[in-house]
Amino acid sequence: MTTTTAQSGLSRARKGIAPGGTGSGNRKSKLSAQTTRTFFWLLLPSVVLLVLIHGYPLIYAAVQATHDGDLLQTGDFVAGDNFAKVLSSPAFWKAAQFTLMFTIVGVFGSWLVGLGLALLLRTKIPAGGTFKVLLLLPWVVPIVVSSTAWNWLVATPDSLIPSLFRNLGLGTPLFLADPNLAAITVMVFKVWVSFPFMMMMISAALASVDSTVYEAASMDGATRWQQFSQITLPLIARSTYISWILMTIFCVNDFPTIYLLTGGGPVNATTSLVVLAYRTVFQDFATGPGVAIAFLMTMTLVVISVLLYRQIRKSSVE
Amino acid sequence: MSAVVHAHPQSGPVLGVAGPAKNKRVLSEAGDRGRWWRFTAILIITAIVLVPIMVTVVLAFTPGPTSTATGLTFENLSNVFSKTLAATWLQNSLITTLSTVLVSVAVAAPAGYVLSRGRSKAVSGYSLLLFVMQSLPIITSVVPLFILFAAMGLVDNLLGITIIYVGSTMTVATWMMAAYFDSIPISLEEASWIDGCSVFGSFTKVVLRNSLPGILSTAIFAFLLAWNDYLVAIVFLRSNEIFTLPMGVQSFFQQNATDWTSVMALAVVMMLPPIIVFATLNKYFSVGGIGGSLAGR
C-alpha cells in the first residue's frame, strides 16, 4: 500500500485512534508520530500566545484579586477581603443590575429587530441585496465614530432629536442627563450596533431552509403565523441559541458602547461591571477590588461559554 | 454572503413569501404590490438606521462656523490633518491593525488546521480552551498585562497593543480558520500525500492555497477588531503621538466638543478604512466572526 504515508496518521488523528493497529504497525506508528510532531509545531505559536496573553494574566489576576496592591506592586495577601468588599458594596450590585438589564435588552432587542429584518429581506424586494449590505453598516462602523454621531444627535437639549421632540410638543427629553433615559438610550444604542449581527446569523440560517417546506405547509392550509412558529422558528432554533449566548457574552463584556456614550453616568446610572472594574482600577487605583470584579465576571462567563460549547458539540453530533 | 440573490431577475411571475404554486396568476399582482410595500418599508427603516452615519458624513463636509466656504467642502478634512496629529494617528492605526491581521492569520491558520484535522483529546481540549478564552472580558487580562508590559517598556508602545490585539483576535481567528478547513475535503490532501508530500507540505501547498475565502474572512474579522478597539488603547496608550485613531478621535472630541464639523471630519477618516474593506470584500464578510464558525462547526 503506497497510500500509507502521512494519510494514515491524519485519518487516525481525526478518528482519535491510537497509532498501531492494523497492517504493518511499525511503519505506521512512525509516520503518525511524524504527523503528531508536525501538529505540535503548527500549534506552538498559538499556544505561546494563549499562555502569554490569556493564561498568564488570568493567573496573575487571581493573585491581584487576593492582594491589596496597586498598579506598581503586588501588596500583601488579603485572601477574600477584596471579594467581600466588592460583594458588600451597593455600587457593585447596581452595576450588576444594569449589566443584566443591558444584556437582556441588548440580546432580545437586537434579536427581534434582526429577525424582523431578516424575514423582510428574505422576501423579494427590489434592490434587496443593497439594503442587506447597507443595514450591516452599524456593525462595521467603529463604535468611537457612531457614539460620536449619537452624541451629536441626542446629547444636549438643542441636539437634533430633542429639538424634534420639542417641535412635536413632547417636551425636551434629556437623553443623556436623565438617569433612566440615559440607561434606555445606551440600550437602544447597543441594539442599533448589534442587530446586524443577529440579522446575519438569522439570514444565514434561513438561507438553508428549503422553500418547498413552506409550499407544502400552505397547501395543507397553514396560516402565515403557523408557518412562522411551526417551521421557521424551529429551523433557526440552533443558530438562534448560539447567537443569544454569543450576544450575551458581547453585552456583558461591552465597554466602548457604554463608556463612549455616557462614561457610565449620570450618577452611575449606566455603569456596567466592566466600566466599574475599569474605573476602580484606573481611576480609583484600587487594583485588588477592580480585578476582583473582573474575576467574578470571568467566572460567570466561563460557565456561560462552557454551556454554549457543550450545546454546540451536542448539536453537531446530532 | 450573496448580495445579488434578491436582485436577481425572475423570469416567472413574482410570488409572495410562500404563495401556493397553483395560485400563481392570482397572486402575482398582489405579490407585486406587496413587493413595493415591502420596498417602501425597508427603505424607511434603512434610512432611519443610517441617520447617525449620514449625519457624520454630512457634517464632515459642511463648512465650519468660521468658514467662508459654501456648499460642501473638504476644508474640515484638511484642517483636521493640518491642526491635529490625524496623519500620525491614521498611520499608527494602520500599522497596528495590519500587523495584527498578518500575525493573527499566520498564527491562526496552522493552529486551525490542527483543530480541523486532529481529533485527539488534547486537540479538542485546546479547542475548548480557545473558545472559553475568547469569551472572557479583556479587562481581566488588561490589568496584569499592564504591569507586565510596564516592566518591559511596552506601555505607550504600538508593539505592546499589537501583541494584545494578536492575542485577543487569535482565539476566534483559529476557530474561523478551523471551520473553513473543515469544508476542504481531505481527499485533496490524500492525493498530495500519494505524491510524497508531507503533512506540512500538503497544508501549505494544498489546503492554504484553497483557503483564500477563509483567510479573507478571518483577516476582516481581525481587521475590524483591531481597528475598532478602544479599551486596550485607552489603558495602554498615553502620549498623543502614539495614539491610534480611536484615541485620537476621542481626545479631539473631548477637547473640541463644539467644533462638530472637525470632529466629524476626523470620524470620517476613521470610518473610511473599515467601510472600504467591507465594500470591496463584503462577500467574505462572514457572519460576525465567531458566529459563523460556531454555526458552521
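Residues numbered from 1 in each chain as written. Chains lettered and ligands numbered in written order. Predicted model: local features only at pLDDT ≥ 70, side-chain atom pairs only at ≥ 80, totals over all residues.

Help me get a handle on the overall build of chain B, residues and values and all.
Within chain B, the secondary structure is distributed over 14 helices and zero strands. Going from the N terminus to the C terminus, chain B shows its helices and strands as α-α-α-α-α-α-α-α-α-α-α-α-α-α. In chain B, which comprises 297 residues, the proportion classed as buried is 49%. (Helix = DSSP H or I, 4+ residues; strand = E, 2+ residues; numbered from the N terminus. Buried ≥ 20, exposed ≤ 12 C-beta atoms within 10 Å, placed from the backbone.)

Report on unusual backbone geometry, specifying residues and quantitative values.
Negative phi is the rule for most residues except glycine; trans is the rule for most peptide bonds. Residues and elements named next belong to chain A. One non-glycine residue with positive phi stands out, namely N268, at about 60°. The residue N268 is located in the loop between α13 (256–262) and α14 (273–282) in this model. Of note, the phi angle at F285 is positive, near 55°, even though the residue is not glycine. Inspection of the secondary structure assignment puts F285 in the loop between α14 and α15 (287–317).

Can you explain the interface of chain B and chain A? Please cite residues and give values.
Taken together, the contact pairs 87 residues of chain B with 93 residues of chain A. Each residue belonging to the side of chain B that touches chain A can be placed in one class, and the counts come to 64 nonpolar, 17 polar and six charged. (Contact = placed C-beta atoms within 7 Å. Nonpolar A, V, L, I, M, F, W, Y, C, P; charged D, E, K, R; others polar.)

An account of helix α3 (residues 75–83) of chain B is needed here, citing residue identities and associated values.
All names here are of chain B. Among the residues of α3, those classed as buried are N76, N79 and V80. Down the axis of α3, the sector holding all buried residues measures 100°, keeping them to one side. Seen from the buried face of α3, the exposed residues on the opposite side, beyond 90 degrees, are S78 and S82. Its buried side turned inward, α3 meets α2 (51–60), α4 (86–117) and α13 (260–281). (Arc of directions from axis to C-beta.)

Summarise the confidence of the model for chain A; cite the residues concerned and give the values.
All names here are of chain A. With 89% of its residues at a pLDDT of 70 or more, chain A shows a mean pLDDT of 83. Taking the mean pLDDT of every element in chain A, the minimum, 40, falls on helix α1 (residues 6–15) and the maximum, 94, on helix α4 (residues 90–122). Every residue in residues 1–30 scores below 50 in pLDDT, and together they form 46 contacts with partners more than four places removed in sequence or on other chains. (pLDDT = per-residue confidence, 0-100.)

So what's going on with the nonpolar core? Residues and values would help.
Membership of the largest hydrophobic core comes to 169 residues, with the highest contact counts inside it found for B:V232, B:L266 and B:A267. Aside from chain neighbours lying at most four places away, what touches B:V232 is B:I138, B:V142, B:I161, B:I164 and B:Y165. (Core = buried A, V, L, I, M, F, W, Y, C linked by C-beta atoms within 7 Å.)

Report on the confidence of the model for chain B, specifying residues and quantitative values.
Residue and element names in this part refer to chain B. Residue-level pLDDT values for chain B average 82, and 86% of them are 70 or greater. The lowest-confidence element of chain B is helix α14 (residues 290–296), averaging 55 in pLDDT; the highest-confidence one is α4, averaging 94. A low-confidence stretch, residues 1–25 (pLDDT under 50), is modelled with 42 contacts involving residues beyond four sequence positions or located in other chains. Predicted as a complex, the structure gets a pTM of 0.85 and an ipTM equal to 0.83.

Tell me about the packing of α4(B) against helix α10 (residues 212–228) of chain B, residues and numbers included.
Residues and elements named next belong to chain B. Contact geometry for α4 and α10: axes closest at 9 Å, N-to-C directions at 140°. Our classification of the angle between α4 and α10 gives oblique. Taken as a pair, α4 and α10 cross one another with a handedness that is right-handed. Between α4 and α10, the contacting residues are S93, T96, T97, T100, V101, S104, V105, A108 and A109 on the first element and I215, T218, A219, A222, F223, A226 and W227 on the second. Residues that form the contact of α4 with α10 fall into these classes: ten nonpolar, six polar and no charged. (Axes fitted to C-alpha atoms, helices over the stretch in contact; angles between N-to-C directions. Parallel < 35°, antiparallel > 145°, perpendicular 65-115°, else oblique. Left-handed = near helix turned anticlockwise from the far one by under 90°.)

How would you explain the packing of helix α7 (residues 143–154) of chain A against α13(B) if you had to name every residue and give the values?
Helix packing geometry: the angle between the two helix axes and the distance between the axes. Where α7(A) meets α13(B), the closest approach of the two axes is 9 Å, and the angle between their N-to-C directions is 155°. Of the possible angle classes, the one that applies to α7(A) and α13(B) is roughly antiparallel. Taken as a pair, α7(A) and α13(B) cross one another with a handedness that is left-handed. Residue-level inspection shows A:V144, A:V145, A:T148 and A:W152 of α7(A) in contact with α13(B), the latter providing B:W260, B:V263, B:A267, B:M270 and B:M271.

Give me the lowdown on the environment of A:G288, citing residues and values where you can.
Residues and elements named next belong to chain A. Positionally, G288 belongs in helix α15. Separated by 31 residues in the primary sequence, G288 and T257 have C-alpha atoms spaced 25 Å apart. If near-sequence neighbours (up to four positions away) are discounted, G288 is found in contact with Q64, A65, H67, D68, G69, V78 and N82.

So, the environment of B:M133: which residues are in play, and what are the values?
Along the polypeptide, B:M133 turns up in helix α5 (residues 121–134). Taking the C-beta count within 10 Å as the criterion, B:M133 has 21 such neighbours and is therefore assigned buried. Sequence spacing of B:M133 and B:V172 is 39 residues, and the spatial spacing of their C-alpha atoms is 9.2 Å. If near-sequence neighbours (up to four positions away) are discounted, B:M133 is found in contact with A:L50, A:H54 and B:T171.

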